[in-house]
Amino acid sequence: MIIALDGPAASGKGTLARRIAAHHGLSHLDTGLLYRATARALIDAGERLDDEARAIAAARGLALTDFDEDKLRGREMGEAASIVAAIPAVRAALLDMQRAFAARPGGAVLDGRDIGTVISPDADVKIFVTAAPETRANRRALELAGRGEKVEYAAVLDDIRKRDERDSSRSSAPLVKAADAVTLDTTNLDIDAALSAALQIVADKTAGRRA
Ligand code: DC
C-alpha cells in the first residue's frame, strides 16, 4: 500500500505521515528532507542555492540514510529548500530515489508537495493536508522555539506565506491537490484527532468507500 500525503509547510503532514506509517507498519519518507539536505550541502560548500549544476550534483550525492535532522529542521533550511526545490533538474535528480522508496515491498508512506501528483500518481491513498496559515505559523513557531531557535511569530507567518507562494507557483511539480486526493483540514484538530481522521480516510479508501 502506498500512502501519499501532500500539503503546505507545517500543515501537520510530516507528523501524520510518521504516525500513519507506524500504525500500518510501513516505511516512511519525509521528502522535504531531500530538498533540505540538498540545500544544506550547497550552503556547507559555500555554493549559491541557484547554481543549477552544483545543486544537481548535491541532490545526486544524497544518501537516504545520512540525514542529520537536527541540522536540517531549522527555519533557514526550510526557506533554502524551497529555493532549490524550484529547480526542475534538482527535482528530476531526486525522482528515482523517491519512486524506489515508494516501491518498497509492502509499501510506504511519503509526505511532501508532489507525491500524489508526480512521485506516486497511482498511490492507493492520497491525503491533502492543509491548515490556516496562522495556525501553521503558530505550530512552526512552537516547534522552532522547542529546538531553541529564537523566532518572532510574525516572521514565521511571513516565511510560511512566502513558501506557500513559491511552492505553489513554481513551474515544476507545484504544490497542488491531486484530483483524487482527500482534503484533511487540521486547523481545528489536535494531532490525535487529525491522526484519527487520517486513519479513517485510509480505511475508507482501502475499503473502496471513497471515490
Ligand atoms: O516539507 P518541508 O517544509 O520540509 O519542505 C521544505 C521545502 O522543500 C518546501 O518548502 C518545498 C520543498 N519540497 C518540495 O518541493 N517537494 C517535496 N516533495 C517536499 C518538499
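Everything below is about the structure printed above this text.
Parameters at a glance
- Residues numbered from 1 in each chain as written.
- Predicted model: local features only at pLDDT ≥ 70, side-chain atom pairs only at ≥ 80, totals over all residues.
- Heavy atoms only, no water.
- Helix = DSSP H or I, 4+ residues; strand = E, 2+ residues; numbered from the N terminus.
- Contact = heavy atoms within 4.5 Å.
- Polar contact = N/O pair within 3.5 Å; in protein donor to acceptor, adjacent residues only side chain to side chain.
- Buried < 20%, exposed > 50% of the residue type's maximum accessible area, 1.4 Å probe, protein only.
- Lys, Arg positive; Asp, Glu negative; His and termini not counted.
- Salt bridge = Lys/Arg side-chain N within 4 Å of Asp/Glu carboxyl O.
- Axes fitted to C-alpha atoms, helices over the stretch in contact; angles between N-to-C directions.
- Parallel < 35°, antiparallel > 145°, perpendicular 65-115°, else oblique.
- Left-handed = near helix turned anticlockwise from the far one by under 90°.
- Nonpolar A, V, L, I, M, F, W, Y, C, P; charged D, E, K, R; others polar.

J.: Just to check I follow, could you spell out the environment of T187 for this structure?
T.: By the secondary structure assignment, T187 is in the loop between β5 (182-185) and α10 (191-206). Spatially, the C-alpha atoms of T187 and A132 are 5.8 Å apart, while their sequence positions differ by 55 residues. With residues up to four places along the chain from it excluded, the contact list for T187 reads T130, A131, A132, T135 and R139. A distance of 3.0 Å separates a polar side-chain atom of T187 from the backbone nitrogen of A132. In this structure the side chain of T187 is engaged in a polar contact, spanning 2.5 Å, whose partner is the side chain of D185.

J.: When you look at the side chain of K13 in this model, what are you seeing that I'm missing?
T.: Mapped onto the elements, K13 comes out in helix α1 (residues 13-24). As a buried residue without a salt bridge, K13 has its nearest oppositely charged side chain in D111, at a separation of 4.7 Å. For K13, the side chain forms a polar contact with the main-chain oxygen of P8, separated by 3.5 Å. Non-local contacts of K13, meaning those with residues more than four positions away in its chain, are made with L5, D6, G7, P8, D111, G112, R113 and V129.

J.: I tried to follow the packing of helix α2 (residues 32-44) against helix α3 (residues 52-60) on my own but got confused; where do I start?
T.: The axes of two packed helices give the description: the angle between them and the distance between them. Relative orientation of the contacting elements α2 and α3 amounts to 120°, with a least axis distance of 9 Å. On the basis of the axis angle, α2 is oblique to α3. Our pair here, α2 against α3, has a crossing hand that is right-handed. Where α2 approaches α3, its residues T38, A41 and L42 are matched on the opposing element by R54, A55, A58 and A59. Of the residues belonging to the contact of α2 with α3, the class tally is 5 nonpolar, 1 polar and 1 charged.

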